[in-house]
Amino acid sequence: MLQRIQSIYLFLVVIINGVLPFWVYLWTDNNGEAVYAESDILYSVLFAISAVMAFVTIFMYKKRKNQFVLNRLNMILNLFLLGFFVYRSLILSGEMNVSEKGIGMLLPIISIVFLVLANRAIKKDEDLVKSVDRLR
């Protein structure tokens, strides 16, 4: 059952959190140098954990309730990551040279959207299985 739509959404989360933070910059520092996820261990670990959780969730298609819960935990992790980015951007605003925020700071928001879409599809599957069980 890997051909379900939630598997595609979760695979997109794996790409967004596992690959893109190391290609697109998160912000630029005072010197104008781009800061990527690998330059800060906290961000790289959180992105990696989120990608691994999404990858593991893809293969839990027989346990839909556990898949749903793991997606929720992944959403919470992405909210923490987004909170760290917001905190970092608030700290950056007080400096003399204005730093530029990168597109990488939006990656947790995009991941949360795909995780919500995956949870909606998992819920539809669960409701479909429950309705078929009622007919038996």
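About the criteria used
- Residues numbered from 1 in each chain as written.
- Predicted model: local features only at pLDDT ≥ 70, side-chain atom pairs only at ≥ 80, totals over all residues.
- Heavy atoms only, no water.
- Salt bridge = Lys/Arg side-chain N within 4 Å of Asp/Glu carboxyl O.
- Helix = DSSP H or I, 4+ residues; strand = E, 2+ residues; numbered from the N terminus.
- Buried < 20%, exposed > 50% of the residue type's maximum accessible area, 1.4 Å probe, protein only.
- Contact = heavy atoms within 4.5 Å.
- Expected span 1.5 Å × (residues − 1).
- Axes fitted to C-alpha atoms, helices over the stretch in contact; angles between N-to-C directions.
- Parallel < 35°, antiparallel > 145°, perpendicular 65-115°, else oblique.
- Left-handed = near helix turned anticlockwise from the far one by under 90°.
- Patch = residues over 30% accessible without salt bridge, like charges linked within 9 Å, V, L, I, M, F, W, Y side chains within 5 Å.
- Areas by Shrake-Rupley, 256 points an atom, 1.4 Å probe, with all protein chains shown as cover.
- Phe/Tyr/Trp six-rings, centres within 6.5 Å; stacked < 30°, edge-to-face > 60°.

1. Quick word on the pattern of salt bridges
Any two side chains of opposite charge can pair if their charged atoms end up close together. For the structure on display, the rule yields three salt bridges. Across the salt bridge formed by Arg4 and Asp125, the nearest N and O atoms sit 3.0 Å from each other. Of this pair, Arg4 sits in the segment before α1 (5-18) while Asp125 sits in helix α4 (residues 107-135), and the two are 121 residues apart along the sequence. Among the residues examined, Asp125 registers a relative accessible area of 22% and is labelled partly exposed. For Glu126, the salt bridge is made with Arg64, and the minimal N-O distance between the two is 2.9 Å. One end of the pair, Glu126, is in helix α4; the other, Arg64, is in helix α3 (residues 64-92), and 62 residues separate them in sequence. Look at Glu126 and you get buried, because its relative accessible area is 16%.

2. Quick look at the side chain of Ser44
For Ser44, the location among the structural elements is in helix α2 (residues 41-58). What makes Ser44 buried here is its relative accessible area of 13%. Excluding residues that lie within four positions of it along the chain, Ser44 makes contacts with Phe22, Ala37 and Glu38.

3. Describing α2
Over its 18 residues, α2 runs 26 Å from end to end, which matches the ideal 26 Å to within 8%, given 1.5 Å per residue. The set of residues buried in α2 consists of Tyr43, Ser44, Leu46, Phe47, Ser50, Ala51, Met53, Ala54, Thr57 and Ile58.

4. Considering the packing of α1 against α2
It is at 8 Å that the axes of α1 and α2 come closest, and there the two elements cross at 160°. Relative to α2, α1 is oriented roughly antiparallel. By crossing handedness, the relation of α1 to α2 is classed as left-handed. Here Ser7, Leu10, Phe11, Val13, Val14, Asn17 and Gly18 of α1 lie close against α2, whose contacting residues are Phe47, Ala48, Ser50, Ala51, Ala54, Phe55, Thr57 and Ile58.

5. Quick notes on a nonpolar patch on the surface
A surface patch of nonpolar side chains, amounting to about 800 Å² of accessible area, comprises Ile41, Leu42, Val45, Ile49, Val69, Leu73, Ile76, Phe80 and Phe84. Of all elements in the fold, only α2 and α3 reach the threshold of two or more residues within the nonpolar patch. A per-element tally of the nonpolar patch places α3 first, with five residues. With respect to the helices and strands, the residue Phe84 is situated in helix α3.

6. What about α1?
With 14 residues, α1 should reach 20 Å at 1.5 Å per residue; the first-to-last C-alpha distance of 20 Å fits that figure. Along α1, the residues that are buried comprise Gln6, Ser7, Tyr9, Leu10, Val13, Val14, Ile16 and Asn17.

7. A word on the packing of aromatic side chains
Tallying each qualifying case throughout the model produces four aromatic pairs. The interplanar angle of 40° and the centroid separation of 4.9 Å between the aromatic rings of Tyr43 and Phe85 together place this pair among those described as tilted. Here the residue Tyr43 occupies a position in helix α2, and Phe85 occupies one in helix α3, the gap between them amounting to 42 residues. With a centroid separation of 5.2 Å and an interplanar angle of 75°, the aromatic rings of Phe55 and Phe59 are classed as edge-to-face. A relative accessible area of 43% means that Phe55 is categorised as partly exposed. Members of the aromatic cluster, connected to one another through ring pairs, are Tyr43, Phe47 and Phe85.

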